[in-house]
Amino acid sequence: MRTCVVIYNPNSGNTIKKRNIKTYKSIIENHGYSVTFIGTEYKGHAKEIVSHIGYVDLVISMGGDGTFNEIVHGNLCRKKRLVLAHIPIGTTNDVGVMFGYGKDIEKNIDLCLKGEIKGMDIPLINGRPFVYVAGFGKFMNIPYDTPRDLKKKYGHLAYMFGGLKDFFSHTKNQLVEYEVNGKKIKGLYSFMLISSATRIAGLNNFYKDVKLDDDSFEVLLCTYTRKIDILRAMAMLIVTDAEHVDGFESYRTNHLKIKFDKYPRNAWCVDGEKLEIRTKTYEIRNEKDIKILIPKTNLNKLFINKNTSLNT
């Protein structure tokens, strides 16, 4: 029988109730797995679990985007890497929605286990992986500064409250020099996003035609500081993708170097969590072909390689 470990975050968005674990366990067993559930106890625990467990056929993350980030990070620390999967149970669940999941956890488990294994690019920032987005500057502190109790009570609205507050605060530019696609550019920017995703901050089609196996990620820098300009740019994101918004500089690449003239005022946000180590220089590159089991729902949209992979 195949083996599976489910790592779940008891504090993610819609808390996983112990009485439901028996049901989830039964669904996974019906797909031919012997399964063990492990609840995380502190930040970084999921990473530790994955990096130290013996070989299993599948590791499933049940939590928010941050929990999935941790199991990916733990997997990259291993000599023999594992096949991963993600069942979204967080507040915004950008990755889960992008993969094609809905809100019903039981249906999501079934969708996952009937899915396909695909090789997915994972960007690294100074060696630290992020599954879908990293950024600094305006609005970037909201995901990690929003109190967990507000996230549980209000869900995505909690982030909107934080965004509204940050919108009316003073916006400062930072002097940044970056190197991308053979160009060296220096300028003042209010925020930067580096992503490998179609959905960011609850916005679908933030970028169009994003592929998760094309050895590239998307880079966006914003020069705006005036509230009216920021508001206009945000409104444009509803009707078009980020590459066509005035005031944004955008690139697709697989290698980016960034240098600040001073230490960033706020920590970088990486998949909704704070990047604890702060420095003046950052290098972003891709780690290719990380094996992820995902639903068949959006495969044609998300992957170049249309060849069907073997199920676990």
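Refer to the preceding data block for the structure.
Note that the structure is predicted; figures quoted are calculated from it, not measured.

**Considering the packing of helix α2 (residues 45-52) against helix α3 (residues 65-76)**
Remark: α2 packs on α3, axes separated minimally by 7 Å, with the N-to-C direction vectors making an angle of 35°. Between α2 and α3 lies a crossing whose hand is right-handed. Here H45, A46, K47, V50 and S51 of α2 come into contact with α3, specifically with T67, E70, I71, H73, G74 and N75. Considering only residue class, the contact of α2 with α3 consists of 3 nonpolar, 6 polar and 2 charged.

**Quick look at the environment of K172**
Note that K172 resides in the loop between α8 (156-167) and β8 (174-180). For the pair K172 and R265, spaced 93 residues apart in sequence, the C-alpha to C-alpha distance is 9.6 Å. Setting aside anything within four residues of it in sequence, one finds K172 in contact with Y189, S190 and R265.

**Re the nonpolar core**
One finds I28, I60, M62 and F99 to be the most contacted residues of the largest nonpolar core, which totals 69 residues. Looking at which element gives the most residues to this core, the answer is strand β1 (residues 2-8), with 5 residues. In contact with I60, not counting residues within four places along its chain, are C4, V5, V6, I7, I28, A85, I87 and L113. With 22 residues, the next largest nonpolar core counts F130, V219, I258 and W268 among its residues.

**Some remarks on the sheet that holds strand β14 (residues 269-270)**
Pairing is antiparallel in the open sheet, where 6 strands are placed in the order β12-β11-β10-β7-β14-β15. Across the chains shown, the open sheet's two edge strands, defined by having one partner strand only, are β12 (248-253) and β15 (273-274). Note: strand β10 (residues 191-195) against strand β11 (residues 217-222), 5 bridges, orientation antiparallel. The partner of I194 across the bridge, within β11, is V219.

Quick notes on the rules
Residues numbered from 1 in each chain as written. Predicted model: local features only at pLDDT ≥ 70, side-chain atom pairs only at ≥ 80, totals over all residues. Heavy atoms only, no water. Axes fitted to C-alpha atoms, helices over the stretch in contact; angles between N-to-C directions. Helix = DSSP H or I, 4+ residues; strand = E, 2+ residues; numbered from the N terminus. Left-handed = near helix turned anticlockwise from the far one by under 90°. Contact = heavy atoms within 4.5 Å. Nonpolar A, V, L, I, M, F, W, Y, C, P; charged D, E, K, R; others polar. Core = buried A, V, L, I, M, F, W, Y, C linked by side-chain atoms within 4.5 Å. Buried < 20%, exposed > 50% of the residue type's maximum accessible area, 1.4 Å probe, protein only. Pairing = 2+ DSSP bridges.

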